[in-house]
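Below are the chains, spelled out letter by letter.
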Amino acid sequence: MLWPFKPRKPASPCFSVGQYNIDATIDGLLGLKLLSRDECSALNLEMTFEGQQLWHCPEVRFMDLQWNTILGTVNRAIFKISIQWEGFRHEAGEACRDIAIYCTKHYGKQKDISFQGRDLTVWDASNGNIVFDMVNMGSESLLNVTLTSRKVPLFRRI
């Protein structure tokens with residue numbers, strides 16, 4: 001590009017969530033427990049992949065909060081990290097602001113989409129994407145952050 005325009009800096013890879021990273025293997029991670037069949041069916045998954053497993057993980061500290069954590073793996077490589085936090089609305093508002101600032105700084109402008117009646121905020125990373133949403137329930141809120149690998153289209157659906 002010609003001056004005064006600057007080329008856009010490429011997006012960073014998805015951030016780590018605790019000890020978990022997109023596309024890393026789960027080998028050597030402690031405290032993982034497979035979700036039961038009932039738990040998997042309760043998730044009402046739209047698609048599954050050959051070699052896929054879903055794992056409960058120890059809680060992680062993220063944005064100064066403790067988050068429930070589930071990993072999705074294909075052949076032991078992490079393709080999805082889903083974290084969820086439930087708590088007071090004022091804490092959720094602060095975390096929401098911090099997540100938006102961090103992600104905008106590292107991944108650029110967000111995309112706001114609606115999916116199954118939920119308003120989601122999405123950022124594209126170099127190795128996947130980050131999806132964020134917040135649901136208010138009276139004086140409490142539920143925050144969801146999901147990181148998904150860019151490799152998903154390569155997986156064999158079953």
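Sequence order as written defines residue numbering, which begins from 1 separately in each chain. Given that the model is predicted, a residue must reach a pLDDT of at least 70 before its local features are reported, and side-chain atom pairs must reach 80 or more before they are shown or counted; all residues, however, enter totals for whole chains, interfaces and linings. Note that water and hydrogens are dropped before the side-chain values are worked out from all heavy atoms of the structure.

Regarding the environment of Gly51
Turning to step 1, where the next piece is worked out: For Gly51, the position within the fold is in the loop between helix H1 (37-42) and strand E2 (52-62).
Turning to step 2, where the next piece is worked out: Linking Gly51 and Ala77, residues 26 residues apart in sequence, is a C-alpha distance of 9.7 Å.
Turning to step 3, where the next piece is worked out: When sequence neighbours within four positions are dropped, the list of residues in contact with Gly51 reads Thr73, Val74 and Asn75. For helices the rule is a DSSP run of H or I covering at least 4 residues; for strands it is a run of E covering at least 2, with both sets numbered from the N terminus onward. Contacts were defined at the residue level, with two residues in contact if any of their heavy atoms lie within 4.5 Å.

Overview of the packing of aromatic side chains
Each aromatic ring pair is summarised here by two numbers: the centre-to-centre distance and the angle between the ring planes.
Turning to step 1, where the next piece is worked out: The rule is short: rings of Phe, Tyr and Trp, with Trp giving its six-membered ring, pair when the centres are within 6.5 Å, and they are stacked under 30 degrees, edge-to-face over 60, tilted in between. This structure, assessed with the given rule, holds seven aromatic pairs.
Turning to step 2, where the next piece is worked out: Here the aromatic rings of Phe15 and Tyr107 are separated by 6.5 Å at their centres, their planes lie at 50 degrees, and the arrangement is tilted. A residue pair is termed long-range when its members are at least 10 positions apart, and Phe15 in the segment before strand E1 (33-34) and Tyr107 in helix H2 (residues 89-107) qualify at 92 residues.
Turning to step 3, where the next piece is worked out: Partly exposed residues are those whose accessible area sits between 20% and 50% of the maximum for their type, while under 20% is buried and over 50% is exposed, using a 1.4 Å probe and protein chains only. Tyr107 sits in the buried class, given a relative accessible area of 3%.
Turning to step 4, where the next piece is worked out: Relative to Phe155, the ring of Phe79 has its centre 5.7 Å away and its plane inclined at 75 degrees; by these criteria the two rings are edge-to-face. Here Phe155 lies in the segment after strand E8 (140-149) and Phe79 lies in strand E4 (residues 77-88), a separation of 76 residues in the sequence.
Turning to step 5, where the next piece is worked out: On the basis of relative accessibility, which here comes to 5%, the residue Phe79 falls in the buried class.
Turning to step 6, where the next piece is worked out: An aromatic cluster is defined as three or more aromatic residues linked by ring pairs; in this entry it consists of Phe15, Phe62, Trp67, Tyr102 and Tyr107.

Looking at the environment of Cys96
Turning to step 1, where the next piece is worked out: Here Cys96 lies in helix H2.
Turning to step 2, where the next piece is worked out: Residue Cys96 is classed as partly exposed on the basis of its relative accessible area of 23%.
Turning to step 3, where the next piece is worked out: In this structure the C-alpha to C-alpha distance between Cys96 and Met63, which are 33 residues apart in sequence, comes to 9.2 Å.

Thoughts on the side chain of Ser149
Turning to step 1, where the next piece is worked out: Structurally, Ser149 can be placed in strand E8.
Turning to step 2, where the next piece is worked out: Whenever two N or O atoms come within 3.5 Å, that pair is a polar contact, provided that in protein one can donate a hydrogen and the other can accept it, and provided that, for residues adjacent in sequence, both atoms are side-chain atoms. Here Lys151 takes part through its backbone nitrogen, which lies 3.0 Å from a polar atom of the side chain of Ser149.
Turning to step 3, where the next piece is worked out: When residues no more than four places from it in sequence are discounted, the contact partners of Ser149 are Ile22, Asp23, Phe79, Asn127 and Gly128.

Structural notes on the sheet that holds strand E3 (residues 65-74)
Turning to step 1, where the next piece is worked out: Pairing is antiparallel in the open sheet, where eight strands are placed in the order E1-E2-E3-E4-E8-E7-E6-E5. The open sheet terminates on both sides in strands that have one partner only, identified here as E1 and strand E5 (111-115).
Turning to step 2, where the next piece is worked out: Only strands that DSSP links by at least two bridges are regarded as paired with each other. Alignment of E4 against E8, held across nine bridges, turns out to be antiparallel. From the neighbouring strand, Glu86 faces E8, where its bridge partner is Leu142.

Examining the pattern of salt bridges
Turning to step 1, where the next piece is worked out: Salt bridges are identified by distance alone: a Lys or Arg side-chain nitrogen within 4 Å of an Asp or Glu carboxyl oxygen. In this structure the tally under the stated criterion is five salt bridges.
Turning to step 2, where the next piece is worked out: A salt bridge links Asp27 to Arg76; its shortest N-O distance comes to 2.8 Å. Note that Asp27 is positioned in the segment before E1 and Arg76 in the loop between E3 and E4, a separation of 49 residues in sequence.
Turning to step 3, where the next piece is worked out: Of the residues examined, Asp27 reaches a relative accessible area of 49% and is grouped as partly exposed.
Turning to step 4, where the next piece is worked out: On the accessibility criterion, Arg76 (36% relative accessible area) is partly exposed.
Turning to step 5, where the next piece is worked out: For Arg118, the salt bridge goes to Asp133, with nearest N and O atoms at 2.9 Å. Taken together, the residues Arg118 in strand E6 (residues 118-125) and Asp133 in strand E7 (residues 128-137) connect sequence positions 15 residues apart.
Turning to step 6, where the next piece is worked out: Residue classification places Asp133 among the buried positions, given a relative accessible area of 5%.

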